[in-house]
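# Fold and contact review
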Amino acid sequence: MRHLLIFAALLPTLLTAQNHQTFKFDGPVILIHGGAGGIERKYYNDEQIAEYDSALQAVLKVGYDMLTYGANGMDVVVECLTMLENDPHFNAGKGAVFNDQGEVELDASVMDGSTKMAGAVAGLKHIMNPAKLARAVMEETSHVLLIGEGAEEFAKTQDHQFVDNEYFLTPKRKDQYERWKQMKKNGTVGVVVLDVQGNLYAGTSTGGMMGKKYGRVGDVPIIGAGTYADNNGAAVSCTGHGEYYIRNNVAFQVNARMQYQGLTLEQSTREVIFGVLNSNAGNGGLIAIDAKGNATWTFNSSGMFRGAAGILDGRKAPRFMTEIFGDPTWPEDCDPKPIE
Ligand code: ASP
């Protein structure tokens, strides 16, 4: 009976753990996401789950290997985002969702937490790997954000691969586009890392929201909304309904609460997702990491494709963890409950 009571007391924590998990790592760390949204077990068969899982594992493996060999965190972020962009499972690069004209328009950004330099691109139609171009904007120009044709003009001065817009269109997205009015599909990709030098980096890449208005720019290329990194706070990459992330400056809020209010990463991400975003009816999640190796994934949607790799505190070997679904039991500080 006593054991039963202890188990019952622990149950809420265990059940709610999945929508908000925090870890403490030793050494370099990588966290990735492949989008949040209405991701529920009933929509996926075992084969599809295995496919997503191995896609996430492959990225973690490459990213973590690079980190342990001492790679600079920005190289890791861009390499991993590129892998995710090239994978048609995710809503970034190939496999991105369509705008209301049946075309793909891509947004991406990266940020270096040690220098607070950032680069972003929006509304790209022909660049195979937007994250690489975002990095080039950061490194090769004096600007932060380039859009549309101007961004593609700039890409011509660099070594970027151009493709027809058709390249991004997959049969799955064509189908979804036809059914878009009933569908709400997310699947943005994001990467945050802590490298061996102790620096934080973040990057995010997306096709945006299915059926978005031609010319719409979401949170992903807006520094402070969908992406942010500062060694004194956190590296954050978001996914979800972008307009809410822009209005609430979600990525920066996570950082600001840590830097200016002294909150921990765990407290800050909880407040921002389950408090601020949720009470504004926003839906989605984020991955975040601080310079001490605290890491979290937090979301108020039903699921989020996600993974982490690193050496958990006190262990010897690295762990490669991936998860897809969340838990329908919402944490108590998630009030009002999310809109499905
Ligand atoms: N945040 C992205 C956007 O609004 C979409 C997503 O994360 O799925 O463009």
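Residues numbered from 1 in each chain as written. Predicted model: local features only at pLDDT ≥ 70, side-chain atom pairs only at ≥ 80, totals over all residues. Heavy atoms only, no water.

### Details of the packing of aromatic side chains
Aromatic rings considered in pairs are described by the distance between their centres and by the relative angle of their planes. Counting across every chain of the model gives 11 aromatic pairs. An angle of 75 degrees between the planes, with centres 5.1 Å apart, marks the rings of Phe-23 and Trp-297 as edge-to-face. Here Trp-297 lies in strand S10 (residues 294-299) and Phe-23 lies in strand S1 (residues 20-37), a separation of 274 residues in the sequence. Under the relative-accessibility criterion, Trp-297 is labelled buried at 1%. (Phe/Tyr/Trp six-rings, centres within 6.5 Å; stacked < 30°, edge-to-face > 60°. Helix = DSSP H or I, 4+ residues; strand = E, 2+ residues; numbered from the N terminus. Buried < 20%, exposed > 50% of the residue type's maximum accessible area, 1.4 Å probe, protein only.)

### Some points on empty space enclosed by the protein
Scanning all chains against the criterion turns up one cavity of 30 Å³ or more. Taken as a whole, the largest cavity encloses approximately 100 Å³ of empty space. Taken together, 17 residues make up the lining of the largest cavity; nearest its centre are Thr-188, Thr-206, Gly-208, Asp-219 and Gly-240. Residues belonging to the lining of the largest cavity are distributed by class as follows: four nonpolar, 10 polar and three charged. (1 Å grid on protein atoms, 1.4 Å probe; cavity = no way out; pocket = protein on both sides within 12 Å on 5 of 7 lines; lining within 4 Å. Points joined across faces, edges and corners; volume = space filled by probe spheres on them. Nonpolar A, V, L, I, M, F, W, Y, C, P; charged D, E, K, R; others polar.)

### Comments concerning the pairing of strand S2 (residues 106-112)
Along any regular strand, the residues point their side chains to alternate faces of the sheet. A large share of S2 lies buried, amounting to seven of its seven residues. Residues Leu-106, Ala-108, Val-110 and Asp-112 line one face of S2 and the alternating positions Asp-107, Ser-109 and Met-111 line the opposite face, and both faces are buried. Where S2 lies against strand S3 (residues 117-124), six bridges are found, and the strand directions are antiparallel. Each residue of the ladder has a partner; that of Ala-108, found in S3, is Val-121. Hairpin connection between S2 and S3: a loop of four residues separates the two successive antiparallel strands, and Lys-116 in this loop has a positive phi of roughly 60 degrees. Bridge count between S2 and strand S6 (residues 200-206): six bridges; the pairing is antiparallel. When the sheet's bridge partners are listed, Asp-112 is paired in S6 with Tyr-201. (Pairing = 2+ DSSP bridges.)

### Side note on unusual backbone geometry
A positive phi angle is found at Lys-116, which is not glycine, with a value near 60 degrees. A positive phi is found at Asn-249, a non-glycine position, where the angle reads about 45 degrees. Here Asn-249 is to be found in the loop between helix H7 (242-247) and helix H8 (250-261).

### Side note on the environment of Arg-257
Along the chain, Arg-257 turns up in helix H8. Sequence-distant contacts of Arg-257, that is, excluding residues within four places in its chain, are made with Gly-262, Leu-263, Ser-268, Glu-271, Val-272 and Val-276. A polar contact is formed between the side chain of Arg-257 and the side chain of Gln-253, at a distance of 2.6 Å. (Contact = heavy atoms within 4.5 Å. Polar contact = N/O pair within 3.5 Å; in protein donor to acceptor, adjacent residues only side chain to side chain.)

### A look at H8
Three- or four-residue spacings in an α-helix give side chains the same orientation, since the helix completes a turn every 3.6 residues. The end-to-end C-alpha distance of H8, which contains 12 residues, comes to 16 Å, matching closely the 16 Å that a straight helix rising 1.5 Å per residue would cover. Buried residues in H8 make contact with strand S7 (227-229), strand S8 (235-240), H7, helix H9 (265-279) and strand S9 (284-289). (Expected span 1.5 Å × (residues − 1).)

### A look at the site of the ligand
Among the 12 residues in the neighbourhood of the ligand, the closest are listed as Thr-188, Arg-216, Asp-219, Thr-239 and Gly-240. Judged by the proximity of its atoms to the pocket grid, the ligand belongs to the largest cavity. Of the residues contributing to the shell around the ligand, the split by class is one nonpolar, nine polar and two charged. (Near = heavy atom within 4 Å. Sits in = over half its atoms within 2 Å of the grid points.)

### Considering the side chain of Thr-170
Among the structural elements, Thr-170 can be located in the loop between helix H5 (148-156) and helix H6 (171-178). Excluding residues that lie within four positions of it along the chain, Thr-170 makes contacts with Pro-88, Lys-94, Gly-95 and Phe-98.

### Things to note about the confidence of the model for the protein chain
For the protein chain, the mean per-residue pLDDT works out to 90, and 90% of the residues sit at or above 70. The model gives residues 4-17 a pLDDT under 50, and that stretch makes five contacts with residues more than four places away or in other chains. (pLDDT = per-residue confidence, 0-100.)

### Some details on the packing of helix H2 (residues 46-68) against helix H3 (residues 73-86)
At a minimum axis separation of 10 Å, H2 and H3 run at an interaxial angle of 165 degrees. It follows from the interaxial angle that H2 and H3 lie roughly antiparallel. The way H2 lies across H3 gives a crossing that is right-handed. Across the interface between the two elements, Ala-58, Val-59, Val-62, Gly-63, Met-66 and Leu-67 of H2 pack against Asp-75, Val-76, Glu-79, Cys-80, Met-83 and Leu-84 of H3. (Axes fitted to C-alpha atoms, helices over the stretch in contact; angles between N-to-C directions. Parallel < 35°, antiparallel > 145°, perpendicular 65-115°, else oblique. Left-handed = near helix turned anticlockwise from the far one by under 90°.)

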